[in-house]
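# Survey of secondary and tertiary structure
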Amino acid sequence: MKLKMTASKYIVLAFLMVIILASALFAVSAPDSRTVNLVEGKNTISFNVSNPFSVETFVKLNPAIETVSYHEGNETVGYVNTFGGVGKNFLIESGKDYEIFSSSNITLNIPG
Amino acid sequence: MRKYSLIFFAVFLFSLQGVFAAHFIVGQVSDAVDGTSANGHVVVLWNPVYGMSDNVTDIIGTLGNSGQNNTYLMDCELLSNGCSVGDVLDVEVIDTGDNYFSSNVSLTVTGAGFDIAPNIKLNSPPNITLITVDDSLTSPAHQIDLVTASTRDVNCTAIVNEPDGNPLQNISAVFYSTNSTYGSIDDNNNHYTNSSCFQNTNYGGNPNVTQVICGFQIWYYADAATWNCLMNVSDNFTAMVNSSNYTTINTLLSVGVDSPMDFGIVNSQNISEEVPVNVTNYGNVKINLSLYGYGQTEGDGIAMICDHGNISIGNERFNLTSSNPGSLTLNQFQSDYQNLTDFYSIYPFGLSQRTDDVSNNAVNFTYWRVYLPNAVAYNCTGNVVFGASTLQGA
């Protein structure tokens, strides 16, 4: 019985560590920084900008970005960098989490 | 343990708030060959493993997620079962009521930020440009004259344009009268179906144009009425179209009679045995009978010419409704039977058109006797002319 309790503790602790590490790895906060690094693949970013900017402009400044999206209710609003830009040209603003998929490791150029 | 569980749930719920995933499927849809725009049509994405009921849709064009003409954008993570790298997904344009849709295309989900589906072409449904229905008689045009006791060939002919050049299939035509409906079962009186129509693919020298001929053998007892031929055609995408045209089947008055009437051997100054004679309605309307008789030439006042003497027209008599078998007196003969005349007269008979496709139910008996006056002998022959009429009898 004592052994079983100990094993459970280790499992829970290991799971918490995985969650925390994953959040640290993929969630990047860009307060008012103009130099944010993206890793190849999926990145979750929230911006802290005084002037919102369009996703189209943002993607043009960062051609390695494949998609930018956010959730609104049960829907995903997305912009895909193909065919000249597919999707709603939404504004990127503070207070929202954006999922950005990059084709390579890049340093973000933020308009403004 | 309870303490760790609470911490675990708190962290998990917190993580869910900030984490979401999207994987976009982008594709383009070409306009239909007939010029119909793909924009505004609905495209659906699903995983065949889970079935089409778990799907995500988008509107093609600027009204949809893509904001671009002829383009769609969907997030496969919005499927109830989500999507993972390696999943094979299907996409197609569905029919929202205008008969324009597409075949499905497949794509494999990759680890990239999005995937591009193969191009889709909006299918054009076939188009029936002309439909006519008539028999082989050129005059009168657009009217059908039936054939006594037989069938008349009637063709429902359509010119079909299939803009995509795909083969036609599921061709059928229904030819039915206003006394029936399209969905009724076949009945020789009012409803015919042909699902083995002939296709002339060499028609007009245009590979996209086909002449379709659906033939019907229309029986003599088909309704005298307005008839409609409705033809269905689909392409190999099962985009079905139909078109119809009307024609008229004319009234057919026709009667058939057992011949000859044989009264047997009758002695002079005697009345023959009753001879029943079948009368058959071989037309398509209820009929009364017109009757007259003659010996050698019409109007000669003679029922039969004999080797010795003649039988006058009044001595051949008939009853169109009831049988009176056995021996009769001359008075009974005269009261129970009407006398034939040497000019045509119409008598109520009320024999309806045939309605049974298996056995002919348009048959009624008539009953005949003849009186041999004195000094008439040997072989006697004469003529009785039966006719059909829609007029009321006397």
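Please read all numbers here as calculations on a predicted model, not as lab measurements. Residue positions are counted from 1 within each chain, in the order its sequence is given. Chains carry letters from A onward and ligands carry numbers from 1 onward, assigned in written order. Side-chain atom pairs in this predicted model are given and counted only at pLDDT of 80 or more, local residue features only at pLDDT of at least 70, and totals for whole chains, interfaces and linings cover all residues. As a convention, hydrogens and water are excluded, and side-chain values are obtained from all of the structure's heavy atoms.

## Observations regarding the packing of aromatic side chains
We count it as follows: Side-chain rings of Phe, Tyr and Trp (the six-membered ring for Trp) are treated as a pair once their centres are within 6.5 Å; stacked means planes under 30 degrees apart, edge-to-face means over 60, and tilted covers the remaining angles. Helix and strand definitions follow DSSP, with helices as H or I runs of at least four residues and strands as E runs of at least two, each counted in order from the N terminus. Only protein chains enter the calculation, and the probe is 1.4 Å; a residue is then buried if its accessible area is under 20% of its type maximum, exposed if over 50%, and partly exposed in between. For a ring to carry a charge above it, either NZ of a lysine or CZ of an arginine must fall within 6 Å of the ring centroid while also lying within 35 degrees of the normal to the ring plane.
Evaluation of the coordinates by the stated rule reveals 21 aromatic pairs over all chains. Where A:Y70 meets A:F90, the ring centres are 4.9 Å apart and the plane angle is 80°; that geometry is what we call edge-to-face. In this pair, A:Y70 is assigned in strand β5 (residues 65-72) and A:F90 in the loop between β7 (86-87) and β8 (91-92), connecting sequence segments 20 residues apart. The class of A:Y70 is buried, set by a relative accessible area of 4%. For A:F90, a relative accessible area of 3% corresponds to the buried category. Grouping aromatic residues by their ring pairs yields a cluster made of A:F47, A:F53, A:F58, A:Y70, A:F90 and A:Y98. Seen from the ring of B:F333, B:R317 lies directly overhead, with NZ or CZ sitting 5.6 Å from the centre.

## Observations regarding the pairing of strand β23 (residues 316-319) of chain B
Residues and elements named next belong to chain B. So the rule is basically this: We treat two strands as partners when DSSP finds at least two bridges between them.
Every second residue of β23 is oriented toward a common face, with E316 and F318 on one face and R317 and N319 on the other, all of them buried. Sheet analysis places β23 next to strand β26 (residues 363-370), joined by four bridges and oriented antiparallel. Bridging from a neighbouring strand, F318 pairs with W368 of β26. Pairing of β23 with strand β24 (residues 338-339) involves two bridges; the strand directions are antiparallel. Bridging from a neighbouring strand, F318 pairs with Q338 of β24.

## Regarding the nonpolar core
All names here are of chain B. Inclusion rule: Only buried residues count toward a nonpolar core. Its members are Ala, Val, Leu, Ile, Met, Phe, Trp, Tyr and Cys residues joined through side-chain atoms within 4.5 Å.
Residues F175, C214, F216, I218 and M231 are the most contacted members of the largest nonpolar core, which totals 30 residues. When residues of this core are traced back to their parent elements, those giving at least two are β9 (127-135), β11 (151-161), β12 (168-177), β15 (209-219), β16 (226-235) and β17 (240-249). Counting residues in each nonpolar core, the second largest holds 25 residues, with F263, V266, I287 and L340 among its members.

## Points about unusual backbone geometry
That bond from B:S139 to B:P140 is cis: its omega, -5°, falls within 30 degrees of zero. Within the fold, B:P140 resides in the loop between β9 and β10 (143-144). Of note, the amide linkage connecting B:S259 to B:P260 takes the cis form, showing an omega dihedral of 0°. Of note, B:P260 is situated in the loop between β18 (255-257) and β19 (275-281). With a phi close to 50°, A:F83 is a non-glycine residue in the positive phi region. One can find A:F83 in the loop between β6 (75-80) and β7. Phi angles above zero are rare outside glycine, and B:A149 is one such case at about 55°. The topology assignment puts B:A149 in the loop between β10 and β11.

## Here we look at the sheet that holds β17(B)
All names here are of chain B. Here five strands make up an open sheet; going across it, the order is β10-β17-β16-β12-β13 and the pairing mixed. The two strands at the open ends of the sheet, each matched to only one other strand, are β10 and β13 (191-194). When β12 meets β16, the two strands line up antiparallel, connected through eight bridges. The residue of β16 that forms the bridge with F175 is C229.

## Considering the domain arrangement of chain B
Residue and element names in this part refer to chain B. As a reminder, the rule being used: Segmentation into domains, and thus their bounds, comes from an automatic or database assignment. When two parts are brought into contact, each loses some accessible area as probed by a 1.4 Å sphere; the total of that loss over both is the buried area. Throughout this description, the term salt bridge denotes a Lys or Arg side-chain nitrogen within 4 Å of a carboxyl oxygen of Asp or Glu. Think of a polar contact as two N or O atoms within 3.5 Å of one another; within protein, one of them needs to be a possible hydrogen donor and the other a possible acceptor, and neighboring residues in sequence only count if both atoms come from side chains. Ten residues, namely Ala, Val, Leu, Ile, Met, Phe, Trp, Tyr, Cys and Pro, are considered nonpolar, four, namely Asp, Glu, Lys and Arg, are considered charged, and the remaining ones, Gly among them, are considered polar.
Domain annotation for chain B reports domain 1 (2-121), domain 2 (127-249) and domain 3 (255-389). When each unit is reduced to the centre of its C-alpha atoms, the spacing between domain 2 and domain 3 is 44 Å. Buried surface at the junction of domain 2 and domain 3, summed over both partners, amounts to about 840 Å²; 43% is from carbon and sulfur atoms. When residues of domain 2 are sorted by the area they lose upon contact with domain 3, N189, Y220 and Y221 head the list and together hold 58% of the total. Inspection of the region where domain 2 meets domain 3 yields zero salt bridges. Linking domain 2 with domain 3 are eight residue pairs in polar contact (both at pLDDT 80 or more), by the criterion used here. Classifying every residue of the side of domain 2 that touches domain 3 by side-chain character gives seven nonpolar, three polar and two charged.

## Description of the confidence of the model for chain B
The line we're drawing: Per residue, pLDDT captures the predictor's confidence, and it can take any value from 0 to 100.
Scored by pLDDT, chain B has a mean of 92; 94% of the residues are at 70 or more. For this predicted complex, the interface confidence reaches an ipTM of 0.72, while the overall pTM sits at 0.78.

## Re the pattern of salt bridges
Residues and elements named next belong to chain A. For the structure shown, the criterion picks out three salt bridges over all chains. Its salt-bridge partner being K60, residue E56 comes within 3.2 Å of it at the nearest N-O pair. One end of the pair is E56 and the other is K60, both in helix α2 (residues 55-61) and four residues apart, which spans about a single turn. By relative accessible area, which is 28% here, E56 ends up partly exposed.

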